[in-house]
Amino acid sequence: MNPVAIITKKRDGRKLSADEIQAFMGGFVRGEVPEYQMSALAMAIFFQGMEADERAALVDVMLKSGATLQWPKNFGTLVDKHSTGGIGDKTSLIIAPLLACCGLKVPMISGRGLGATGGTLDKLESIPGFRTNLSESEIHAVVDKVGCVITGATADLVPADRKLYALRDVSGTVPSIPLICASIMSKKLAENLHALVLDVKWGSGAFMRKQDDAKTLAQAMVDTGARMNVRTTALLTDMNQPHGRMAGNAVEIDESVATLQGNGPADLTEICFALCAELLVSTGVESSSAAAIKRLNHLISSNAAYEKFREMVEAQGGDLDEPRHIAPATEVVAPNAGYVASMNVEQLGMAIIELGGGRKKLGDRLDFSTGLEMLVRLGDRVEKNQPIVRVFAHHAGVATACKMVAEAITISEQPVTPPPLVVERIVPR
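Residues numbered from 1 in each chain as written. Predicted model: local features only at pLDDT ≥ 70, side-chain atom pairs only at ≥ 80, totals over all residues. Heavy atoms only, no water.

Caption draft 1: Inspection of the sheet that holds strand S1 (residues 79-83) at higher detail. Read from one edge of the open sheet, four strands run S1-S4-S5-S13, paired in mixed fashion. Each end of this open sheet is capped by a strand with a single partner; those strands are S1 and strand S13 (422-426). Strand-to-strand, the axes of this sheet are offset by a mean angle of 15 degrees, without reference to chain direction. Pairing between S1 and strand S4 (residues 195-202): five bridges, direction parallel. In the strand pairing of S4, Ser83 is matched with Asp199. Contacting S1, S4, strand S5 (231-238) and S13, helix H12 (residues 266-282) crosses the sheet at an angle of about 150 degrees to S4. (Pairing = 2+ DSSP bridges. Helix = DSSP H or I, 4+ residues; strand = E, 2+ residues; numbered from the N terminus. Axes fitted to C-alpha atoms, helices over the stretch in contact; angles between N-to-C directions. Contact = heavy atoms within 4.5 Å.)

Shown next as structure tokens:
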């Protein structure tokens, strides 16, 4: 294997064979291919892309670079959901217990905040005692007992992704659709699933700003999942405003609990139900989306979904009854009357980081008590000096954060029609 020849071949826009991808990536994981050559290949992929079978080969070699979760025979139907991330995206916290209540097994491997986007593990750690560093044996035990678990990846799951992502982060190749696809799908397939649903977001608070780019990524991941014999669908969803009303850590846990108890925002409930319905139908648990949503409504109204979430929290060492401190509130008001025309959702996420709710650098200790409450939605009519956002913060950083929040929201004189929450459903080609 000649690494230079493989780099040159992809640089010139030619297709790599599965053997070439296997040899190059295997050498990189073993330390035989140096980081500068891996960075060069990543840049070539960034500019030239990959065909479907190249993406599948890359996912396969990354998946096989470490351990995968193994389940006993007849353990049950294993499913998961993955979101490409956004501000206020707390769907995992609601979806996992809902699916477990339907008899599905949900071994959800989640991550921490990345850039302006909050992380599911960070949110869960605002629950006193909650553990997100479960061993493989503990993951098995919780899924067996409860039906769902939300935890971080163990050290031996997909080590190739950790090595490659570190290089992408410093080489300007993070926004590469083949590399994003390989990163996400290798980690999810390491869970040994039967079915997967993908929540691929577009908009000012999403990794993909343009709807067409998000659709391209969604199609690539769905096709890859199908090639790897996992029933995979995706929903293209809007992230031009936060999901629900709360964004932060403890405040998102509170809103998730409220949603599981039937008191959550309509948009958050809608997207959670839509994603759950995809899995319930694809696994044959329900015959249609309408039947699935009827069942999900019953799980909320009967309090079964909330009790399942409580059971999972307790199994992972957490105490839902222990108070979660929320910082004092400061209101940001509308500078003039009009209609909420747009939100720079990424800047809202950066404001949360400014308050200590996210990391400016690796190792930063989070202030779980900070966050935002969105008091208006796109298209809403507002009056001058009407409160539009509530900022939960201690004195440090609050003025800067409030200024960032105010600048992130545009109010126009003309009425505005907000985009639909679920834009499109993507299935394998």
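Now that the structure has been shown, the text picks up again.
Caption draft 2: The arrangement of the pairing of strand S3 (residues 148-151) in detail. Neither face of S3 is open: one carries Cys148 and Ile150, the other Val149 and Thr151, and all of them are buried. As paired elements, strand S2 (residues 106-109) and S3 share four bridges and run parallel to each other. Counted as the bridge partner of Met108 is Ile150 from S3. (Buried < 20%, exposed > 50% of the residue type's maximum accessible area, 1.4 Å probe, protein only.)

Caption draft 3: Looking closely at the sheet that holds strand S7 (residues 329-333). Spatially, S6-S9-S11-S7 is the arrangement adopted by the four strands of the open sheet, whose pairing is antiparallel. The open sheet has two edge strands with one neighbour each: strand S6 (246-248) and S7. Shown here is a sheet whose adjacent strand axes are inclined to one another by a mean of 20 degrees, direction ignored. Sheet topology note: the S6/strand S9 (residues 371-374) ladder contains three bridges and is antiparallel. Note that in S9 the partner of Ala247 across the bridge is Leu372. Each of S6, S9 and strand S11 (387-392) touches helix H11 (residues 250-260); the most contacted strand, S6, lies at about 140 degrees to it.

Caption draft 4: Highlighting the environment of Glu354. The topology assignment puts Glu354 in helix H15 (residues 345-354). As for Glu354 and Gly397, which are separated by 43 residues in sequence, their C-alpha atoms are 6.2 Å apart.

Caption draft 5: The packing of H15 against helix H16 (residues 398-408), seen in detail. Between H15 and H16, whose axes approach to 9 Å, the crossing angle comes to 175 degrees. Relative to H16, the element H15 is oriented roughly antiparallel. Each of Gln347, Leu348, Met350, Ala351 and Glu354 in H15 lies in contact with H16, whose residues at this interface are Thr400, Ala401, Met404, Val405, Glu407 and Ala408. Here the residues of the contact of H15 with H16 sort into seven nonpolar, two polar and two charged. (Parallel < 35°, antiparallel > 145°, perpendicular 65-115°, else oblique. Nonpolar A, V, L, I, M, F, W, Y, C, P; charged D, E, K, R; others polar.)

Caption draft 6: Local environment of unusual backbone geometry. Even without a glycine there, the phi angle at Asn74 is positive, about 60 degrees. The residue Asn74 is located in the loop between helix H4 (52-63) and S1 in this model.

Caption draft 7: A look at the side chain of Asn249. Among the structural elements, Asn249 can be located in the loop between S6 and H11. Residue Asn249 is classed as buried on the basis of its relative accessible area of 3%. Of the polar contacts made by the side chain of Asn249, one reaches the backbone oxygen of Gly357; its length is 3.0 Å. Apart from residues lying up to four places away in sequence, Asn249 is in contact with Asp122, Lys123, Ser126, Gly357, Leu366, Asp367, Phe368 and Thr370. (Polar contact = N/O pair within 3.5 Å; in protein donor to acceptor, adjacent residues only side chain to side chain.)

Caption draft 8: Spatial organisation of the packing of aromatic side chains. Overall, the coordinates contain two aromatic pairs when judged by the stated rule. Measuring from ring centre to ring centre gives 5.1 Å for Phe46 and Phe47, while their planes differ by 90 degrees; the resulting arrangement is edge-to-face. According to the relative accessible area criterion, Phe46 is partly exposed, its value standing at 29%. Arranged with centres 5.1 Å apart and planes meeting at 25 degrees, the rings of Trp71 and Phe75 form a pair that is stacked. On the accessibility criterion, Phe75 (14% relative accessible area) is buried. Above the ring of Phe75, the side-chain terminus of Lys105 is found at 5.2 Å from the ring centroid. Positioned above the aromatic ring of Phe28 is the side chain of Lys163, whose terminal nitrogen or guanidinium carbon lies 4.6 Å from the ring centre. (Phe/Tyr/Trp six-rings, centres within 6.5 Å; stacked < 30°, edge-to-face > 60°. Lys NZ or Arg CZ within 6 Å of the ring centre and 35° of its normal.)

Caption draft 9: Molecular detail of helix H13 (residues 289-301). Spanning 13 residues, H13 covers 18 Å between terminal C-alpha atoms, matching the ideal 18 Å at 1.5 Å per step. Buried within H13 we find Ala292, Leu296, Leu299 and Ile300. Each buried residue of H13 sits inside an arc of 95 degrees when the element is viewed along its axis, so together they form one side. Exposed residues pointing more than 90 degrees away from the buried face of H13 are listed as Ala290, Lys294, His298 and Ser301. For H13, the secondary structure elements touched by its buried residues are helix H5 (91-101), H11, H12 and helix H14 (304-315). (Expected span 1.5 Å × (residues − 1). Arc of directions from axis to C-beta.)

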